[in-house]
Amino acid sequence: MNFIENILHRLRQTPARPVLQEVREGKFATVSCEELRKLVQQARTFVRQSGLRKGDRCGLLAPNGIKWVATDLALAAEGIIVVPLYSRQAPNELAGMLRDCAAAMVLCGDEALADGLRASWTESPAPHIRLFYDIYDATIPDRHVPDEPVTLADEDIATIIYTSGTSGEPKGVMLSVANVGYMLGCTGMRLDQLMRGATERTADQVFHYLPFCFAGSWILLLTALSRNSLLSMSTDLNKLADELKLAAPNYCLNVPTLLERIRTGVESQIAQKPGPIQTIYRKGKESWMQRREQGESGGGLWFSLANSLIFSSIQKKIGPNLKALICGSAPLAKETQLFFLMLGIPVLQVYGLTETTAICTMDDPRDFTPGRVGPAIPGIEMRLGEEDEILVRGPNIFAGYWNRDEATANAMLDGWFRSGDQGSVDEKGNWAITGRLKNLLILKSGNNVAPEPIEEKVMFHLPLAGQCVVMGDGRSFLSALVTGDVTPEQVERALETVNAGMPHYKQIHAFHIHKEPLTIESGLLTANGKLRRDAIARQFAAEIDTLYSSPKQA
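Rules used throughout
Residues numbered from 1 in each chain as written. Predicted model: local features only at pLDDT ≥ 70, side-chain atom pairs only at ≥ 80, totals over all residues. Heavy atoms only, no water. Axes fitted to C-alpha atoms, helices over the stretch in contact; angles between N-to-C directions. Helix = DSSP H or I, 4+ residues; strand = E, 2+ residues; numbered from the N terminus. Parallel < 35°, antiparallel > 145°, perpendicular 65-115°, else oblique. Contact = heavy atoms within 4.5 Å. Nonpolar A, V, L, I, M, F, W, Y, C, P; charged D, E, K, R; others polar. Buried < 20%, exposed > 50% of the residue type's maximum accessible area, 1.4 Å probe, protein only. Pairing = 2+ DSSP bridges. Right-handed = clockwise from strand over helix to strand, strands pointing away. Salt bridge = Lys/Arg side-chain N within 4 Å of Asp/Glu carboxyl O. Arc of directions from axis to C-beta.

Describe the packing of helix α10 (residues 256-271) against helix α11 (residues 275-293), naming the residues involved and giving the relevant values.
Helix-helix packing is characterised by the crossing angle of the two axes and by the distance between the axes. Following both chains from N to C, one finds α10 and α11 inclined at 135 degrees, their axes separated by 9 Å at the closest point. It follows from the interaxial angle that α10 and α11 lie oblique. Contact residues: Glu267, Ile270 and Ala271 in α10; Gln278, Tyr281 and Lys285 in α11. Grouping the amino acids of the contact of α10 with α11 by side-chain chemistry returns three nonpolar, one polar and two charged.

Okay, here's the thing in structure tokens:
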């Protein structure tokens, strides 16, 4: 069975089992397998009535929700190529993606999203824009749709997911039915290892807040639907902590930003506590870290005291049933991974790109190394190429970029996919990501500097900052743009600490503070929150020039 056949089969096999729920106003709106199956059938009837045919492209523009899932499954079951879109992305960028893939239709979650798209569409022909209302709230003429999906070959394209476009125009990544099926087998295996001891009758409790339009998020959704899981979906990021507590999950997928905020929030609260509590926390942490560095288990007397009085209560507040937090999309600071491990919550890292069906490596929950992203998953080969670029090959490699044969050819090297990421691998086969080739800064001295590890260190010592962007390509020294409500004195102290452990050419000698954060809406971050360095350099060109004409703070 391919992935969509398997999911629909599971829905029929356990009709009464709760499978999805949305968190709304502190309560759950839950659907069973049978209820989800009926929603899928309703959407399939709409698809057939609308005239969409196998191989047509259909945009899916809506926030996460039960109807998003039902629509996605219905399109897949009809052989329609789904083009998932990010509801917070600029409408003109979304319109460009839809033009590129020649979408026949766009299904929107609400009228506001549809209006934004219509206003950005300046030429003909335009795709037919329809609302979820047209599918689920309107009366659709009855039309029998078989339970089984249409026949799909392994090489058929299941989805086109557009890359973020950190520099240049986004490209449509084509993932095949075989790509998706292979990856779901791998993720299911890792989750079996994580949930060992649980029976088939015990559903995985999963919490999810990342948009399904991103490859890794979508793979987690399909993985949950392919196994005995109850997936709780957040609907309000401003209430994330409350919703996480309500869902009480076994695991959830995260980005480093959230985990960094949790760590910063905890340590800020500890700093407000009475002196004895601060002392116990500090000494307990130091004891645990020291023993870990020495390869010893436990944390000694101070750790035992801190664990009983502080750490265990923090762990319960974050998630009493958590077996692990899963983290991907960007490098996670080793210190943050150790912080959660100290609390008794493992953080398992995942690395991959959209072109690798979201994943290349996954931490083994039974044996993982903080600061690294785990070994290559079974069946996937990884090696280092020139300039330590990570090369990947295997059944997870995408089918190509939509209508971009030259770009597809440039992404491959003798059958290996060129990730564009720099990395290293240890003797146990665990990988670390050290930078991004296209982000490499080349100083006038000829020294090459990857900005990401330096930015990570600055942010660790400057937790109140929003972002740190290290610059200096073609310059004589490095500088930094720091966003957020921070003072020059705070930035100087953080840079002094970071610079002390760096060779001279990796030291930051000037900085500019911008109080407003970089955002997706401003065009300075990609849809998944990564820095658009070229756009940042253009917008802050005058400030950057000032830094190099008058070093230190500008």
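An account of the pairing of strand β9 (residues 204-208) is needed here, citing residue identities and associated values.
By the criterion of burial, β9 is predominantly enclosed, with four of the five residues buried. For β9 and strand β10 (residues 229-233), the ladder comprises five bridges, and the chain directions are parallel. Each bridged residue has a counterpart across the sheet, and for Gln205 the counterpart in β10 is Leu230. For the crossover that starts at β9, traverses helix α8 (residues 215-225) and ends in the parallel β10, the hand is right-handed.

Explain the pattern of salt bridges residue by residue, including any values.
Under the defined criterion, the tally for this structure stands at 30 salt bridges. Two residues, Lys67 and Asp137, come together in a salt bridge whose shortest N-O distance is 3.8 Å. Here Lys67 is found in helix α3 (residues 66-77), whereas its partner Asp137 is found in the loop between α6 (132-136) and β7 (157-162), with 70 residues between them in sequence. Take Asp137: its relative accessible area is 47%, and that puts it in the partly exposed class. A salt bridge links Arg366 to Asp364, with the shortest nitrogen-to-oxygen separation between them at 2.8 Å. Under the relative-accessibility criterion, Arg366 is labelled exposed at 52%. In this structure, a network of salt bridges that share partners links the residues Glu260, Arg263, Glu267 and Lys285.

Would you mind going over the pairing of strand β6 (residues 128-131) in detail, with residue names and values included?
Here β6 shows a buried face lined by Ile129 and Leu131 and an unburied face lined by His128 and Arg130. Bridge analysis of strand β5 (residues 105-108) against β6 gives four bridges, and the strand direction is parallel. Bridge pairing in β6 links Cys108 to Leu131. Handedness of the crossover joining β5 and β6 through helix α5 (residues 111-120) is recorded here as right-handed.

Break down helix α9 (residues 240-247) for me, with residues and values.
Those residues of α9 lying buried are Leu240, Glu243, Leu244 and Ala247. Within α9, the buried residues cover an arc of 100 degrees as seen down the axis, which keeps them to one side. Opposite the buried face of α9, by more than 90 degrees, sit the exposed residues Ala241, Asp242 and Lys245. Where α9 terminates, the next one or two residues include Ala248, which has phi positive at roughly 45 degrees.

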